[in-house]
Amino acid sequence: MMEKQDGTPDFHRLTSAESWSSDRSSDSCEYYQTEIFGLLPSSQAHRRFHAEAIADDPDQSLLDRVSWNPSVPLRDLPVCLQDKRDIRERQHLQSHSISYWDSWRRSQQKTRRRLKEHVGGAVSGLLLWRHTLHKIEGQFGVGVKAYFVFLRYLVCLNLLYCVIIAGSVLTPTLVFAQNSNTHGSLGFQNFSFKDFFVGSGVLESSPVFHSFYTRGSLDLDCLNTPILFLLGMTSVLFLSIMMVVRRTVVGYKHSWLTGNRFSSNLSYKVFCGWDFSIQNPQAASLKQNFIRNELRMDLEEQTFQQRVQQRSLRHWVELIFLRILLNFLVLVFLGSSFALIYFAIDKSQIKYENHWIVCLMLEYLPPITMTTVNYILPHVFSKISEFEDYSLTIQLNLTLIRSIFLKLASLGIYLFYFIKAQASMNQKTHKCTENAFGKEMYKLTIFNLLECFFNAFCVAYPRMLLVERFPSSKLVQLLGKKQFEISFNVLDLVNSQTVTWVGVFYCPLLPAINTIRLLFFFYVKKFTVVRCCAPAQRMFRTASSSVLFHFMLLLGLFMAVVTLVVNINRVDQGGCGPFEGNRTVFNVTSVCLKTLPDPVQTTINYISSEAFAFTLILAEVVILTSYVSCGRANRKAIERLKDMLVMCSSDKRFLVKQHSTIMRRQQRTR
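Residues numbered from 1 in each chain as written. Predicted model: local features only at pLDDT ≥ 70, side-chain atom pairs only at ≥ 80, totals over all residues. Heavy atoms only, no water.

An unreviewed UniProt entry annotates the chain as Transmembrane channel-like protein of Onychostoma macrolepis. Its UniProt record gives the chain a comment under Subcellular location (unreviewed entry), which states: "Membrane". Annotation of the chain in UniProt includes, under Sequence similarities (unreviewed entry), the sentence "Belongs to the TMC family." (UniProt positions renumbered as here; feature names shortened; annotations may be inferred.)

Laid out in structure tokens, this is it:
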């Protein structure tokens, strides 16, 4: 707010037609009928800037003043009760003068709005684990709840993958199979536990892997197993891209609006944060915990900002040098872990004639090494971020970035080794290289499930028992209950979902396996959080962290797409499965295209040409330009709302000053 030299506030920048209408309607009607209202600085500024408009239209409609929209219910309008009654009367008067078409259109808008509300309420009631998440939120804060919401999102996403694969890949293959014996016997006479963990034996010839999906009797030009298989896998990837990008963009927009530019109001949370509809004592306790956690986060952020403002130049220089040294240490840890993982992968390829348990451990040596490294180093990164003296949210995000780079790079090294090995592998050694790659993704998924079970019941639960049975022991007090590390658990979800995206082409039932694994994850993690973990001593906001969760998921999806493209190009297809023989991913649609009519072929050729690509780029430029314009308009609207808040605070200061003056006059007269 600008100040004149005589000390009078200058409100020239703060007023506009839109802001004034919204500002006036936010207070009570009785307030506008008082004499003091005309003396307010905002009221004087409004009369000075809008005198001509008022003179031209003295009978301005109340509906225009509040920007009434017929599709918006009256209860959602930011006006007082008397104004809402006047608007309702005006609606009845206008209903006799409007045309039949306008009346029908308004009634349809109301019907669609009510239907949307009912459908939204019904869908929200069908969400998985809603009451459980509410309980976790009240006891452990919104951060832990954000993890479980993210897990639920992945469960729904994988269920959608299962529906697509079952409809486009699995069902046609089972229905139109030429001979049920061609895929091998599905009996369990020779089944062993090693086959379950490695994916060999009867599982190798089952619908789990790529080789099961042969062409069969469905052999039309434009409707056959290869085309359906390619359509199903492409649909899964495109659907993943659209949904993950949408969640990332929506979350970023929300965090941009309520991020660093948004300052929470402690008085609102203290005096208006309680829900008076709560009648259950347990729900009341959860609400109390939720408000307390919110206040703790606000106070911790304010304390950190005050400490940052008190830093001297010497302190800043020392802190910058310390951060550079710690980041160099992080790079050393990352390089050492990558070398260790590559060494473990190389050793696992050596064949030994030992007991099957020893052979199983050697085959699982790379996943064991990756899990060990990915379990230890994120905790090291978390301790390092504490010495860098960042805020709690930045510490979490920095640990997430370093850890996701560690996990994705480890998985990238693992995939690069096997892609390189398969490209140089002789077809005589492995008849189906697609199955060999699918087995590796299957082993990673199974081992991730085993690691979750081991961490919950062999680490967290015994640790909790020690704390409860020996509370006076100094060692047990130092150990304490385990705290639920949100960043590390989110990284496990991102890593496992990336493995699913990479392996879905070679192991089509991997999304179904991952769905079962995520359901098991939820109940195991719930048991770990509620029974074995203590509430975190340090709270943080999840507005930006939730965006980072989905951004990391987007990075994993990008890595999966790149891996699939590279693997399909480097490895010769046609060893088994739907692309057996001379058919490949790239020429499987050529026969179908030749049978289409000439106009359709011409259209498809144009879509795949450079001219259409140029047109598409121009359309994208226009769309992006419109979005940038909308973003600028939204920023101006936000600035206008901030100016309205400044005017409100100035009015309050003016009223306090007037009240003090009146009180002093009354005291003098006495």
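(A) Structural context of the UniProt feature "transmembrane region" (unreviewed entry) in the chain. UniProt's entry tags residues 153-177, 227-245, 320-345, 400-419, 440-462, 501-524, 545-568 and 611-630 with the feature "transmembrane region" (unreviewed entry), counted in the numbering of this structure. The span residues 227-245 is 100% helix and 0% strand, and its two end C-alpha atoms sit 27 Å from each other. The span residues 400-419 carries 100% helix and 0% strand; its end-to-end C-alpha distance comes to 28 Å. (Helix = DSSP H or I, 4+ residues; strand = E, 2+ residues; numbered from the N terminus.)

(B) The packing of helix α9 (residues 142-175) against helix α20 (residues 486-503), seen in detail. Interhelical geometry of α9 versus α20 gives an angle of 10° and a closest axis separation of 10 Å. By the angle between their directions, the pair α9 and α20 is classed as roughly parallel. Counting all contacts with α9, which are made through G143, V144, Y147, F150, L151, L154, L157, N158 and Y161, the residues of α20 involved are I486, N489, V490, L493, V494, Q497, T500 and W501. Along the lines of polarity and charge, the residues of the contact of α9 with α20 split into twelve nonpolar, five polar and no charged. (Axes fitted to C-alpha atoms, helices over the stretch in contact; angles between N-to-C directions. Parallel < 35°, antiparallel > 145°, perpendicular 65-115°, else oblique. Contact = heavy atoms within 4.5 Å. Nonpolar A, V, L, I, M, F, W, Y, C, P; charged D, E, K, R; others polar.)

(C) Highlighting the side chain of S240. With respect to the element layout, S240 can be found in helix α11 (residues 225-257). Looking at S240, the relative accessible area reads 0%, which means it is buried. Other than its neighbours up to four places away in sequence, S240 contacts Y161, W501 and L557. (Buried < 20%, exposed > 50% of the residue type's maximum accessible area, 1.4 Å probe, protein only.)

(D) Layout of the nonpolar core. Grouped together as the largest cluster of nonpolar side chains are 99 residues, with contacts concentrated most on Y147, M441, F505 and M552. Tallying contributions element by element places α9 first for this core, with 14 residues. (Core = buried A, V, L, I, M, F, W, Y, C linked by side-chain atoms within 4.5 Å.)

(E) How the structure looks around unusual backbone geometry. One non-glycine residue with positive phi stands out, namely D389, at about 60°. Mapped onto the elements, D389 comes out in the loop between α16 (365-387) and α17 (392-423).

(F) Region of the structure containing the environment of F381. Counting through the fold element by element, F381 comes out in helix α16. It is 10.0 Å that separates the C-alpha atoms of F381 and I401, two residues lying 20 residues apart in sequence. Excluding its chain neighbours within four sequence positions, the residues that come into contact with F381 are V330, F333, L334, T399, R402, S403 and L406.

(G) Structural view of α20. Over its 18 residues, α20 runs 26 Å from end to end, which matches the ideal 26 Å to within 8%, given 1.5 Å per residue. The buried fraction of α20 amounts to 18 of the 18 residues, a majority that puts the element mostly inside the structure. (Expected span 1.5 Å × (residues − 1).)

(H) Spotlight on the confidence of the model for the chain. Across the chain, pLDDT averages 75, with 75% of residues at or above 70. Looking across the chain, the model is least confident in helix α1 (residues 17-24), with a mean pLDDT of 39, and most confident in helix α21 (residues 510-532), with 89. Counting contacts from residues 52-68, a segment whose pLDDT is below 50, to residues more than four positions away or on other chains yields 21 contacts. Segment residues 180-188: pLDDT under 50, and eleven contacts once partners within four positions in sequence are set aside and those in other chains are kept. (pLDDT = per-residue confidence, 0-100.)

(I) View of the side chain of S382. Checked against the element boundaries, S382 lands in helix α16. Classification of S382 by relative accessible area gives buried; the value is 16%. Each residue touching S382, except ones within four places of it in the same chain, is listed here: T399 and F488.

(J) Broad picture of a nonpolar patch on the surface. Residues L313, V317, I320, F321 and I324 make up a contiguous nonpolar surface patch of roughly 540 Å² in combined accessible area. Relative to the elements of secondary structure, I320 occurs in helix α14 (residues 313-348). (Patch = residues over 30% accessible without salt bridge, like charges linked within 9 Å, V, L, I, M, F, W, Y side chains within 5 Å. Areas by Shrake-Rupley, 256 points an atom, 1.4 Å probe, with all protein chains shown as cover. Salt bridge = Lys/Arg side-chain N within 4 Å of Asp/Glu carboxyl O.)

(K) Expanded view of the packing of aromatic side chains. Going through the model one piece at a time under the given rule, you end up with 20 aromatic pairs. Ring plane angle 15° and centroid distance 6.1 Å describe the contact between F148 and F484, whose orientation is recorded as stacked. Residue F148 is located in helix α9, and its partner F484 is located in the loop between β3 (482-483) and α20; the two are separated by 336 residues in the primary sequence. Given the relative accessible area of 0%, F148 is considered buried. On the accessibility criterion, F484 (9% relative accessible area) is buried. Three or more aromatic residues link up through ring pairs in this structure, and these residues are W129, Y147, F148, F484, F522 and Y523. Of note, R247 hangs over the ring of Y153, and the distance from its end group to the ring centre comes to 4.2 Å. Just above the ring of F521 sits the side chain of K525; from NZ or CZ to the centre is 5.9 Å. (Phe/Tyr/Trp six-rings, centres within 6.5 Å; stacked < 30°, edge-to-face > 60°. Lys NZ or Arg CZ within 6 Å of the ring centre and 35° of its normal.)

(L) The packing of α14 against α16, seen in detail. Put simply, α14 and α16 touch, their axes get as near as 9 Å, and they point 175° apart. Of the possible angle classes, the one that applies to α14 and α16 is roughly antiparallel.

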